[in-house]
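Coordinate inspection notes
Given next are the chains, with one letter for each unit.
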Amino acid sequence: MARFVAAVVQAAPVWMDRAATTKKACRLIHEASQQGARIVAFPESFIPAFPYGVWHHGVRRNMRFYQQLTECAVSLDGPEISMIQVAARKAGCVVVMGVTERDGGSLFNSQVFVGADGTLLGRRRKLKPTSAERLIWGEGDGSGLRVFDTGEIAGRVGGLICGEHNLALARYTMQSQQEQAGLAARRGRGVHVASYPDPRMEGRPFADRVDAAVRHYAAEGQCFVLNATALLDDAARAALYDTAELASLDGEHIAGPVSGREAILTAEVDLGRIPLSKFWFDPPGHSGRPDVFDLRV
């Protein structure tokens, strides 16, 4: 079975600076290639930044942020994507870049796939922005649910963004295209790219959910998963978590975990908390996109 080096970038963008973040991305692509990487995966909306503030700030403040983000967003035919293409070609590696994409008057949460020869293989948009993210991003459609053949570099490469890994039919759509199919797969190549923001943005439980989601995808899809997560640096935290209340955001387990000994764990189950989870994501409901998926048994 053939082997190759895959790289995920955990990094912070230069906050809301499209040009500087693109230059940083190109440098990171080069550094990854110097370590032998044949594919490099970046976090969700790395260029120009992930809109963390949608979860914590009021509508008016988010309106101002939307205006700024629109000015900083990238377009597929813009210079930023061209620079990423050049960097991928020079490095000789496949690149999967997370961007906030501007198309007309709308913004989309997109993964951009670039071949090792610099070819723009395609892009996909997040099907359903999660909860408050809808203040910022529009909805993608089914046309982006494709697996891209990168040839002998990394085989067949697919991807999903953050909460899309909770959608069983989205996962199955990617897996049914055999992210490890073809000649490259027979030589052990082919991967799935999972793009996430900083998994500590809401405390430990969100990080645990990210870990569970990508490990489940790897087991379910029988493929390798590149889990590219972002990093909230001091500059972003100063801009976003600028009150004592926001600065103290954290999370905790309601019971356990216990390992290495027998135990009986007990905890109160409050069914009234379920709507709080549905506010985030409801796969069979408002998040499920029945216009894209049709399940028949």
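Relevant structure appears above.
Here goes a summary of the coordinates provided. The structure presented is a predicted model; accordingly, all values stated were derived computationally and were not measured.

1. Things to note about the packing of aromatic side chains
- Within this structure, the stated rule accounts for 5 aromatic pairs.
- With a centroid separation of 5.7 Å and 65° between ring planes, the pair formed by Phe-50 and Trp-137 is classed as edge-to-face. With Phe-50 in the loop between strand 2 (37-41) and helix 2 (59-72) and Trp-137 in the loop between strand 5 (120-125) and strand 6 (148-149), the pair connects residues that are 87 residues apart, well separated along the chain. Assigned by exposure class, Phe-50 and Trp-137 land together as buried.
- Aromatic ring contacts, followed pair by pair, group Phe-50, Tyr-52 and Trp-137 into a single cluster.
- Looking at Arg-237, its charged tip hangs above the ring of Tyr-241, at a distance of 5.4 Å from the centre.

2. Examining the environment of Cys-26
- Along the chain, Cys-26 turns up in helix 1 (residues 18-34).
- A relative accessible area of 16% means that Cys-26 is categorised as buried.
- In this structure, the C-alpha to C-alpha distance between Cys-26 and Gln-85, residues 59 residues apart in sequence, is 9.2 Å.
- Sequence-distant contacts of Cys-26, that is, excluding residues within four places in its chain, are made with Met-83, Ile-84 and Ala-87.

3. Quick notes on the side chain of Arg-156
- On the secondary structure map, Arg-156 appears in strand 7 (residues 156-161).
- In terms of polar contacts, Arg-156 uses its side chain to reach the backbone carbonyl oxygen of Gln-177, at 2.9 Å.

4. A word on the nonpolar core
- Ranked by internal contacts, the top residues of the largest apolar core, which has 28 residues, are Tyr-52, Ile-136, Tyr-196, Met-201 and Leu-232.
- Counting only elements with at least two residues in this core, the list comes to helix 2, strand 8 (191-196), helix 6 (204-221) and helix 7 (234-240).
- With 4 residues, the single largest contributor to this core is helix 6.
- Counting 25 residues, the second largest nonpolar core, distinct from the first, contains Ala-32, Ile-84, Ala-87 and Cys-93.

5. Describing empty space enclosed by the protein
- Going through the model one piece at a time under the given rule, you end up with 1 cavity of 30 Å³ or more.
- Taken as a whole, the largest cavity encloses approximately 40 Å³ of empty space.
- Among the residues making up the lining of the largest cavity, the classes are represented as 7 nonpolar, no polar and 1 charged.

6. A short note on the pattern of salt bridges
- The tally for this structure, following the rule as stated, stands at 16 salt bridges.
- A salt bridge links Arg-123 to Glu-101, with the shortest nitrogen-to-oxygen separation between them at 3.1 Å. Taken as a pair, Arg-123 in strand 5 and Glu-101 in strand 3 (residues 94-103) lie far apart in primary sequence, 22 residues in all.
- The exposure class assigned to Arg-123 is partly exposed, which follows from its relative accessible area of 26%.
- Linking Arg-171 and Glu-220 is a salt bridge whose minimum nitrogen-to-oxygen distance equals 2.7 Å. Residue Arg-171 is found in helix 4 (residues 168-176), and its partner Glu-220 is found in helix 6; the two are separated by 49 residues along the sequence.
- Connected through shared salt-bridge partners, Glu-101, Asp-103, Arg-123 and Arg-125 make up one network.

Quick notes on the rules
- Residues numbered from 1 in each chain as written.
- Predicted model: local features only at pLDDT ≥ 70, side-chain atom pairs only at ≥ 80, totals over all residues.
- Heavy atoms only, no water.
- Phe/Tyr/Trp six-rings, centres within 6.5 Å; stacked < 30°, edge-to-face > 60°.
- Helix = DSSP H or I, 4+ residues; strand = E, 2+ residues; numbered from the N terminus.
- Buried < 20%, exposed > 50% of the residue type's maximum accessible area, 1.4 Å probe, protein only.
- Lys NZ or Arg CZ within 6 Å of the ring centre and 35° of its normal.
- Contact = heavy atoms within 4.5 Å.
- Polar contact = N/O pair within 3.5 Å; in protein donor to acceptor, adjacent residues only side chain to side chain.
- Core = buried A, V, L, I, M, F, W, Y, C linked by side-chain atoms within 4.5 Å.
- 1 Å grid on protein atoms, 1.4 Å probe; cavity = no way out; pocket = protein on both sides within 12 Å on 5 of 7 lines; lining within 4 Å.
- Points joined across faces, edges and corners; volume = space filled by probe spheres on them.
- Nonpolar A, V, L, I, M, F, W, Y, C, P; charged D, E, K, R; others polar.
- Salt bridge = Lys/Arg side-chain N within 4 Å of Asp/Glu carboxyl O.

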